[in-house]
Amino acid sequence: MNNRANLRETSAVGPDPVAVVPRLLGWYDRHARVLPWRAPPGTAPMDPYRVWLSEVMLQQTTVAAVRAYFERFTTLWPTVQALATAEETQVMGEWAGLGYYARARNLLACARQVAAMGGFPDTRQALAQLPGIGPYTSAAIAAIAFDRAETVVDGNVERVVARLFAVDTPMPAAKPQLVALAATLTPDRRPGDFAQAMMDLGATICTPRNPACALCPLNDLCRARTLGLAAELPRKSPKPPRPQRRGTAWLALDASHVLVERRPAKGLLGGTLAFPSTGWDGSEHPAPAAGPWQELGEVRHIFTHFELHLTVLAGPPQGVSRGLLLPRRDFDPATLPGLMRKVWALAP
DNA sequence: TAGACGTGGAC
DNA sequence: TGTCCAAGTCT
């Protein structure tokens, strides 16, 4: 990745960082959203554990969805040392419903490494070696928790920069160019606040649809706005259609027990608790119990890359050939991923 | 490297 | 209902 070359590629004339940085920080001082994992603007950073935990939870996930999970995790495990001692099944259960479950397994693996190291490393490069921490999260933790002048680029920053510099290249091809342009803005002072200000601006003002340019502190510096292109950028290539898949799930239960299983650690819903089912790609699995089975209905669930229709069958938990027969008082549907909660909702 | 990987809210 | 998309990472 040659930032200089990427800079040369853009024909856009960008705004002067000398103008952008104080304007954006001034706006952030007045309008920063209050969040449980955020230190107020201009104050000492939040502890690295909370910064890390929130950044992992926020990967491809909305602030609204994360709040309750963040409160629950920090109550159960106030420090990275405490989290490091947790059981994986408990962490998976507490993560249930948040999605992208590889994050939960990486979270625990990362906590254990960090605890063994005696604490979080304080550079982007060292942070990026840890499980579940990639280019975005390593830069975010380094900037926000350790006051390092790293360039933090998430989807918000990509959008803000694409508009500020009127980058016309479609995503995702424009990414290297946007990173290089973002780097021209990163300040040496208050880099953490600057990163959060860019993201807040993207989340609240410079939104994907109907950007509120009239309220934007950078509106007179924004090349896309000058060109009347703000809402058009960044350009995106069209997405392929979502295929349909189907399968069957079995709800084997009576008044006292329910049959569940732990899904394989890797792959879709990896490591989560589930009801036994067929594969969802056409592969057949035998019923997990003797039956007889009665059809309860169908569950429809949209994943990122396919749409699933699951036929749900109910029957007695007798002649069980696979899974784990759980006493109903030990079964908490809140520890199920979203799809399986829908299946459970059909239970008699 | 492009595809796999969840979920729920907004429009 | 359909489509987009939200503080990405891993392989």
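No experiment lies behind these values; they were computed from the predicted model shown.

1. Considerations on the UniProt feature "domain: HhH-GPD" (unreviewed entry) in chain A
Under the UniProt annotation, "domain: HhH-GPD" (unreviewed entry) lies at residues 57-204. Here residues 57-204 is 63% helix and 0% strand, with 19 Å between the C-alpha atoms at its ends.

2. A short note on the sheet that holds strand 4 (residues 294-302)
Across the sheet, which stays open at both edges, the three strands sit in the order 1-5-4 with mixed pairing between neighbours. Looking at the sheet topology across the chains shown, the edges are occupied by strand 1 (244-252) and strand 4. Direction aside, the axes of adjacent strands within the sheet are offset by 25° on average. Where strand 4 and strand 5 (residues 307-315) come together, eight bridges link them in antiparallel fashion. Bridge pairing links Arg300 to His309 in strand 5.

3. Some details on the packing of helix 10 (residues 155-164) against helix 12 (residues 191-204)
With their axes 8 Å apart at the nearest point, helix 10 and helix 12 run at an angle of 80° to one another. Taken together, helix 10 and helix 12 sit at an angle that is classed as roughly perpendicular. On the side of helix 10, the interface is formed by Asn156, Val157, Arg159, Val160 and Val161, while helix 12 contributes Met198, Met199, Leu201, Gly202 and Ala203. Split into classes, the residues belonging to the contact of helix 10 with helix 12 amount to seven nonpolar, two polar and one charged.

4. Some words on the protein's contact with DNA strand C
By nearness alone, 26 residues border DNA strand C, and Gln60, Gly132, Asp154, Asn156 and Pro208 come closest of all. Note that a phosphate oxygen of DNA strand C is positioned 2.6 Å from one of the backbone N or O atoms of Gly132. Measuring from a phosphate oxygen of DNA strand C, one finds a backbone N or O atom of Pro135 at 3.3 Å. Elements with a contribution of two residues or more to the surface near DNA strand C: helix 9 (135-146) and helix 10. Tallied by class, residues from the surface near DNA strand C come to ten nonpolar, eight polar and eight charged.

5. Topic: the nonpolar core
Formed by 104 residues in total, the largest nonpolar core has its most connected members in Trp52 and Phe275. A total of eight residues in this core trace back to one element, the largest contributor, which is helix 9. Here Phe275 is in contact with Trp250, Leu251, Val258, Leu259, Val260, Glu261, Phe331, Leu336, Met340, Val343 and Trp344, once residues within four sequence places are set aside.

6. What about the packing of aromatic side chains?
For the coordinates displayed, the defined rule picks out eleven aromatic pairs. The interplanar angle of 25° and the centroid separation of 6.2 Å between the aromatic rings of Trp280 and Phe303 together place this pair among those described as stacked. You can see Trp280 sitting in the loop between strand 3 (273-274) and strand 4 and its partner Phe303 sitting in the loop between strand 4 and strand 5, a full 23 residues away along the chain. Phe303 carries the same exposure label as Trp280, and that label is buried. An aromatic cluster is present here, built from Tyr49, Trp52 and Phe120 joined pairwise through their rings. The cationic tip of Arg245 hangs over the ring face of Phe306; the distance from NZ or CZ to the ring centre is 4.1 Å.

7. Structural notes on unusual backbone geometry
Residue Pro172 is reached from Met171 by a cis peptide bond, and omega for that bond is 0°. Mapped onto the elements of the fold, Pro172 is located in the loop between helix 10 and helix 11 (175-183). Along the chain, Gly291 connects to Pro292 via a cis peptide bond; the corresponding omega equals 5°. The topology assignment puts Pro292 in the loop between strand 3 and strand 4. One non-glycine residue, Asp147, adopts positive backbone phi at about 60°. With respect to the helices and strands, Asp147 occurs in the loop between helix 9 and helix 10. One non-glycine residue with positive phi stands out, namely Asn210, at about 50°. Relative to the helices and strands, Asn210 resides in the loop between helix 12 and helix 13 (223-226).

The rules behind these values
Residues numbered from 1 in each chain as written. Chains lettered and ligands numbered in written order. Predicted model: local features only at pLDDT ≥ 70, side-chain atom pairs only at ≥ 80, totals over all residues. Heavy atoms only, no water. UniProt positions renumbered as here; feature names shortened; annotations may be inferred. Helix = DSSP H or I, 4+ residues; strand = E, 2+ residues; numbered from the N terminus. Pairing = 2+ DSSP bridges. Axes fitted to C-alpha atoms, helices over the stretch in contact; angles between N-to-C directions. Parallel < 35°, antiparallel > 145°, perpendicular 65-115°, else oblique. Contact = heavy atoms within 4.5 Å. Nonpolar A, V, L, I, M, F, W, Y, C, P; charged D, E, K, R; others polar. Near = heavy atom within 4 Å. Polar contact = N/O pair within 3.5 Å; in protein donor to acceptor, adjacent residues only side chain to side chain. Core = buried A, V, L, I, M, F, W, Y, C linked by side-chain atoms within 4.5 Å. Buried < 20%, exposed > 50% of the residue type's maximum accessible area, 1.4 Å probe, protein only. Phe/Tyr/Trp six-rings, centres within 6.5 Å; stacked < 30°, edge-to-face > 60°. Lys NZ or Arg CZ within 6 Å of the ring centre and 35° of its normal.

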